[in-house]
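# Commentary on secondary and tertiary structure
Spelled out, the chains give:
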Amino acid sequence: MNPKKKKRLIMRTVVLSFFLFLVAFVIYQSINREKDVINAGDQAPDFTLKTLEGETVQLSDYRGQGVFLNFWATYCKPCEEEMPYIESQYQKFKDQGVKVLAVDVGENDVTVESFVERKDMTFPVLMDRGEQLIGAYGIGPIPVTFLVDKNGKVVDRITAGMTESQVREYMKRIQPEKWRKSDG
């Protein structure tokens, strides 16, 4: 065999092997990622994060209440659009057993503070600086919202932007029974 042809054959074999390895790796990652995703029926992984103000918040401290756990970022257009709806419904449900925890995924404080002020957000904004929660909850594209019931169990996982009526319905779903008789 001609040395040039032999060299070309070896190079093609190496390139093809590399692409086959990449395809296998992507398939493996996608299968493993599915195992790590938190879905309805799962216990919500407990966590401790700091708010923009430096206060420590732990999910398990909210047992007995519904938690509207929203993962977002300032650069996410659907996140920006749903924030006023979440704020509006938070004002109606915060004294009726439903709390909002908004987890910013890895941005700096100045960017997040500016966004929070512009959107008049009054619920706790948690900073996932090391993006530890993204991995623990299996977060892909944002926004992602978890509805967590009073026992810490995930009722639903919403993987899209929401309208105000959807936010209201989702909050009603996690509202503890003792508050359900009042109009939310």
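Please read these numbers as outputs of a predicted model, since none were measured by experiment. (Residues numbered from 1 in each chain as written. Predicted model: local features only at pLDDT ≥ 70, side-chain atom pairs only at ≥ 80, totals over all residues. Heavy atoms only, no water.)

### Some thoughts on the state of the cysteines
- The final tally for this structure, using the stated rule, is one disulfide.
- One disulfide bridge connects Cys 76 with Cys 79, the sulfur atoms lying 2.3 Å from each other. On the sign convention where negative means left-handed, the S-S torsion of about 80 degrees between Cys 76 and Cys 79 marks this disulfide as right-handed. Of the two residues, Cys 76 and Cys 79, neither departs from the other in class, the shared state being buried. (Disulfide = S-S within 2.5 Å. Buried < 20%, exposed > 50% of the residue type's maximum accessible area, 1.4 Å probe, protein only.)

### Quick look at the packing of aromatic side chains
- Applying the stated criterion across every chain yields a total of six aromatic pairs.
- The interplanar angle of 80 degrees and the centroid separation of 5.8 Å between the aromatic rings of Phe 71 and Phe 146 together place this pair among those described as edge-to-face. With Phe 71 in strand β3 (residues 66-72) and Phe 146 in strand β6 (residues 144-148), this residue pair connects regions lying 75 residues apart in the sequence.
- Under the relative-accessibility criterion, Phe 71 is labelled buried at 0%.
- Of the aromatic side chains, those joined through ring pairs into one cluster are Phe 47, Phe 71, Tyr 137 and Phe 146. (Phe/Tyr/Trp six-rings, centres within 6.5 Å; stacked < 30°, edge-to-face > 60°. Helix = DSSP H or I, 4+ residues; strand = E, 2+ residues; numbered from the N terminus.)

### As for a negative patch on the surface
- Together, Glu 53, Glu 55, Glu 113 and Glu 117 make up a region of like negative charge exposed at the surface.
- Position of Glu 117 relative to the elements: it lies in helix α3 (residues 109-118). (Patch = residues over 30% accessible without salt bridge, like charges linked within 9 Å, V, L, I, M, F, W, Y side chains within 5 Å. Areas by Shrake-Rupley, 256 points an atom, 1.4 Å probe, with all protein chains shown as cover. Salt bridge = Lys/Arg side-chain N within 4 Å of Asp/Glu carboxyl O. Lys, Arg positive; Asp, Glu negative; His and termini not counted. Charge placed at Lys NZ, Arg CZ, Asp CG, Glu CD.)

### Notes on the sheet that holds strand β2 (residues 56-58)
- Spatially, β2-β1-β5-β4-β3-β6-β7 is the arrangement adopted by the seven strands of the open sheet, whose pairing is mixed. Edge positions in the sheet fall to β2 and β7 (154-158), since each has one partner strand and no second. This sheet shows a mean twist of 30 degrees between the axes of neighbouring strands, independent of strand direction.
- Here β3 runs beside β6; their pairing, made up of five bridges, is antiparallel. In the strand pairing of β6, Phe 68 is matched with Leu 147.
- Along the sheet, α3 contacts β3, β4 (98-104) and β5 (125-127); its crossing angle with β5, the most-contacted strand, is approximately 170 degrees. (Pairing = 2+ DSSP bridges. Axes fitted to C-alpha atoms, helices over the stretch in contact; angles between N-to-C directions. Contact = heavy atoms within 4.5 Å.)

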